[in-house]
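Geometric and topological summary
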Amino acid sequence: MEFGDSGRSTYAEARKKAESQVKHAKDIGRLPYPPALDDILRDEGALSEERVGIMEIPLDRIIGTKTAGRQEAFSYDFLPLLDAFSEFGAKWINLYNAQLDEGFRDPVKLYEYMGSFFVQEGNKRVSVAKYLNMAVIAADVIRVLPRRTEDPVIRQYYEFREFFRCFPNYDIEMSEPGGYEKLAEAYGQELNGLLWDEDLRRSVSSSFYAFKKKFDEKEKNYSHISVKSGDAYMLYIGLYGTEESAALVPDSLLDERVTKLWREYEFYAGSGKHKLLYESDETDNFSIRTVGLFRTPKYSEKHPLKAAFFYRGTTSDLKWTRDHEMGRQKLNEHYGDLIETYPYSGLQDRDSLRAAIDDAYGLGCELFFTTFPGMMPEARRSSIHYEKTSHFLNCSIGETSNAVRTYYGKMYEAKFILGALAASLCDNHEIGYIASVPTYGVISDINAFAIGAALLDPKAKIRLLWGMQKGARLEKGLEGVDILSGVLNMNPSEPTREYGLYRRNPGGKMDNLAMPVWDWGEYYIRIIRSVLAGSYEREKVDGVAVRYYYGLSSNVIDVVLSDKLDYNSHKLLNGLKKAIATGQINPFGGEIHTQDGVLQTEGRLSEDEQIAMDWLAENVEGTIPPVSEFDLDAAFLAGLEKTEFAGS
């Protein structure tokens, strides 16, 4: 095909951009040309390949060439570098004209490795397509498989491969292992190698691409944010569900939803920063009655602060619910007519929780306390939906959100004391510990108990068993053990004496010795105080999640001893409580030994390290099983993504 000055001027413009890219790359020390896959895999040896087939590939995923032969003919973004009057230049201009006239006839040939594409045949067609800012290009794809390892990046890629077999799509990108499984689960599917129903694939695609179009529009205004499309879409359907396709949502509503989500995108795309609040120092000694001396109070007996409390179970079947309800009642007694509270119980699924939240909002509630970790997804959705007039909190510590504050207690402090008490009462150095599920917060409780026991008895061994593990045989595992730490919360519907710290006597009789307790009333009083005094809003920082994390020093956690224990035990309890509350003792300070060796020799673990523990202290006999080995219902599992269940 002949070409004149217009073709050469187009090529000259493309070449000028290419030269600019090369100069910029050299200035910042990066490779100025497309990388070659053969060079990347030079030390990998022979790797398996599989044919993917012909499909449209996003052009921004094409990053290099298969071999090094044509590398230096292009800038790193595939714009042409050779002279316009060269054979290369002539062919490039011909392809440019052909694309404008009728489009490319044949697919290019690409190799895919770890989600990126490298050109085997069709470099100039890719170059023309990139110059024209085309979104996709038809390609015949061969996949190169990396060697399987436990590296999270490799694991995530192989999960993508399983997803691709069910739903061939390169646009839905996830950043971490488990993302594709959650996407499949959201649509009621499995990653089992079977192609999903065509209608379902069409429905998911239309919803995803409608969302992605709006998401991409917003992303242009937030160049500092980098969020994978799949991660963003999962957050969207986590809040709004899969029943209503984003493609069917009115454009104005979809725009509003995605705009509201940016606060969460900013949080997750950043470092996930959070602000842990240990005390409400600003308001602890500040009488609410004095607020009016300095400014007009926002709330009064005529215009009380309204707060709603949402419970998974009822006070008759869950002690966890009963404890929070007692906290709400204590809150009412403390503030009187200055506040109004509304309890909602028996909320077993997301629909019932959403209906309760909507009802509370209609009553004028501004504070929404969701008291179960599994309520976090709906709390986040509702918080974004009602963002201008409401404040949502979730009782959990593992998951963080910029839209929802979390609150929890440092129960490990109480467990440390119980461990020391157990060691002081044990004659044979063998102490039992029955835990629930190995999620956030639970492991730190176990280790604090073990470290506390070692403080009193260096020979103490903690025999760890998991009460909710499938096939658990507690009696066999606890043979020869008389002193035990049982479940934290005894449910009213299943009365038992095997809770807290207890002794098993000959003949089967149980003696309860000590019990860690929550004072949720004190917790709620502190949070409400910050709202009434005006410091609640000042605690907020954009892009930072606020997490309340109180313990013994705040009186929200305590340990109660049985009257059967002598004054020495009471003296030990009071001494340890005072030392922890004043910071003289930290359960995770100083030298720490794990089952695998020495973790630290000085200093102390950060709160984040304590919360996310995945190891056991050296004097613990047992393991940390995967969550899949436990008998859990759906509502419980909903809270296990990044949260812990209350009680160990």
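All values reported here derive from a predicted model rather than from experimental measurement.

Rules used throughout
Residues numbered from 1 in each chain as written. Predicted model: local features only at pLDDT ≥ 70, side-chain atom pairs only at ≥ 80, totals over all residues. Heavy atoms only, no water. Helix = DSSP H or I, 4+ residues; strand = E, 2+ residues; numbered from the N terminus. Buried < 20%, exposed > 50% of the residue type's maximum accessible area, 1.4 Å probe, protein only. Contact = heavy atoms within 4.5 Å. Areas by Shrake-Rupley, 256 points an atom, 1.4 Å probe, with all protein chains shown as cover. Phe/Tyr/Trp six-rings, centres within 6.5 Å; stacked < 30°, edge-to-face > 60°. Lys NZ or Arg CZ within 6 Å of the ring centre and 35° of its normal. Polar contact = N/O pair within 3.5 Å; in protein donor to acceptor, adjacent residues only side chain to side chain. Axes fitted to C-alpha atoms, helices over the stretch in contact; angles between N-to-C directions. Parallel < 35°, antiparallel > 145°, perpendicular 65-115°, else oblique. Nonpolar A, V, L, I, M, F, W, Y, C, P; charged D, E, K, R; others polar. Core = buried A, V, L, I, M, F, W, Y, C linked by side-chain atoms within 4.5 Å. Expected span 1.5 Å × (residues − 1). Pairing = 2+ DSSP bridges. Salt bridge = Lys/Arg side-chain N within 4 Å of Asp/Glu carboxyl O. Left-handed = near helix turned anticlockwise from the far one by under 90°.

**Description of the overall build of the protein chain**
Each helix and strand in the protein chain was counted, giving 22 helices and 21 strands. Expressed as a percentage of its 648 residues, the buried residues of the protein chain come to 52%. Taking all contacts inside the protein chain whose residues are at least 6 apart in sequence as the whole, residues at least 24 apart take part in 73%. Entry remark: accessible area of the protein chain is about 30,100 Å², with carbon and sulfur atoms responsible for 47%.

**Description of the packing of aromatic side chains**
Throughout the structure, instances matching the rule amount to 45 aromatic pairs. With centroids separated by 4.8 Å and ring planes inclined at 80 degrees, the aromatic side chains of phenylalanine 117 and tyrosine 170 adopt a geometry described as edge-to-face. Here tyrosine 170 lies in the loop between helix H5 (152–166) and helix H6 (179–186) and phenylalanine 117 lies in strand E4 (residues 116–121), a separation of 53 residues in the sequence. Three or more aromatic residues joined by ring pairs make a cluster, and in this case those are Phe309, Trp320, Phe369, Tyr407, Tyr408, Trp518, Trp520, Tyr523, Tyr524, Tyr548 and Tyr550. One Lys or Arg, arginine 143, reaches over the ring of phenylalanine 164 and ends 4.7 Å from the middle of that ring. It is arginine 257 that lies over the ring of tyrosine 240; its NZ or CZ is 4.2 Å from the centre.

**Some words on the side chain of arginine 161**
Tracing the chain through its elements places arginine 161 in helix H5. The contact partners of arginine 161, leaving out residues within four places of it in the chain, are Glu50, Arg143, Leu145 and Arg148.

**Digging into the environment of aspartate 140**
Following the sequence through the fold, aspartate 140 ends up in strand E5 (residues 136–144). In this structure, aspartate 140 is in contact with Arg51, Gly53, Ile54, Pro107, Val108, Lys109 and Leu110, ignoring residues within four places of it in sequence. A distance of 2.9 Å separates polar atoms of two side chains, one belonging to aspartate 140 and the other to arginine 51.

**Quick notes on the packing of helix H8 (residues 229–240) against helix H14 (residues 376–385)**
Closest axis-to-axis distance for the H8/H14 pair is 8 Å, and the angle between their directions is 90 degrees. Comparing their axes, H14 and H8 come out roughly perpendicular. For the pair H8 and H14, the contacting residues are Leu235, Leu239 and Tyr240 in the first and Pro377, Arg380, Arg381 and Ile384 in the second. Residue composition of the contact of H8 with H14, grouped by class: 5 nonpolar, no polar and 2 charged.

**With respect to unusual backbone geometry**
Apart from glycine, the bulk of residues carry a negative phi angle, and the bulk of peptide bonds sit in the trans form. Although it is not a glycine, methionine 114 adopts a positive phi angle of roughly 55 degrees. Here methionine 114 is to be found in the loop between strand E3 (108–113) and E4. Of note, the phi angle at asparagine 555 is positive, near 65 degrees, even though the residue is not glycine. Residue asparagine 555 is classed as exposed on the basis of its relative accessible area of 51%.

**What to know about the nonpolar core**
By size, the foremost hydrophobic cluster in this structure holds 87 residues, and its most contacted members are Ile57, Ile62, Leu183, Phe211, Tyr236, Tyr265 and Phe310. Non-local contacts of leucine 183, meaning those with residues more than four positions away in its chain, are made with Phe163, Ile172, Met174, Tyr233, Met234 and Ile237. Ranked by size, the runner-up nonpolar core spans 81 residues in total, among them Ala450, Ala453, Leu552 and Phe630.

**A closer look at helix H13 (residues 350–362)**
Its 13 residues place the ends of H13 18 Å apart at the C-alpha level, agreeing with the 18 Å of an ideal helix rising 1.5 Å per residue. Looking at the buried residues of H13, the elements they touch are strand E7 (305–310), strand E8 (339–344), strand E9 (367–370), H14 and strand E10 (391–394). With a side-chain oxygen lying 3.3 Å from the backbone nitrogen of aspartate 351, the N-terminal cap of H13 falls on aspartate 349.

**A look at the pairing of E5**
Bridging between strand E1 (residues 49–58) and E5 involves 9 bridges; their strand directions are antiparallel. Opposite glutamate 50, over in E5, you have arginine 143 as the bridge partner. Two elements, E3 and E5, share 6 bridges in a ladder whose sense is parallel. Considered in E5, the bridge of lysine 109 is made with aspartate 140.

**Some remarks on the pattern of salt bridges**
One pass over the full model with this rule turns up 37 salt bridges. Glutamate 173 is the partner of lysine 228 in a salt bridge, and the nearest nitrogen-oxygen pair spans 3.6 Å. Here lysine 228 is found in the loop between helix H7 (198–219) and H8, whereas its partner glutamate 173 is found in the loop between H5 and H6, with 55 residues between them in sequence. Judged by its relative accessible area of 37%, lysine 228 is partly exposed. Each of Glu50, Glu112, Arg143 and Arg161 takes part in salt bridges that share partners, so that together they form one network.

**Section: the packing of helix H15 (residues 411–425) against helix H20 (residues 567–581)**
For any two helices packed against each other, the geometry comes down to the angle between their axes and how far apart the axes lie. Where H15 meets H20, the closest approach of the two axes is 10 Å, and the angle between their N-to-C directions is 150 degrees. Viewed along their axes, H15 and H20 adopt a mutual orientation that is roughly antiparallel. H15 and H20 meet at a crossing whose hand is right-handed. Across the interface between the two elements, Glu413, Phe416, Ile417, Ala420, Leu421, Ser424 and Leu425 from H15 touch Ser569, Leu572, Leu573, Leu576, Lys577 and Ile580 from H20. Taken together, the residues of the contact of H15 with H20 sort by class into 9 nonpolar, 2 polar and 2 charged.

Keep in mind these numbers describe shape, not what the thing actually does.
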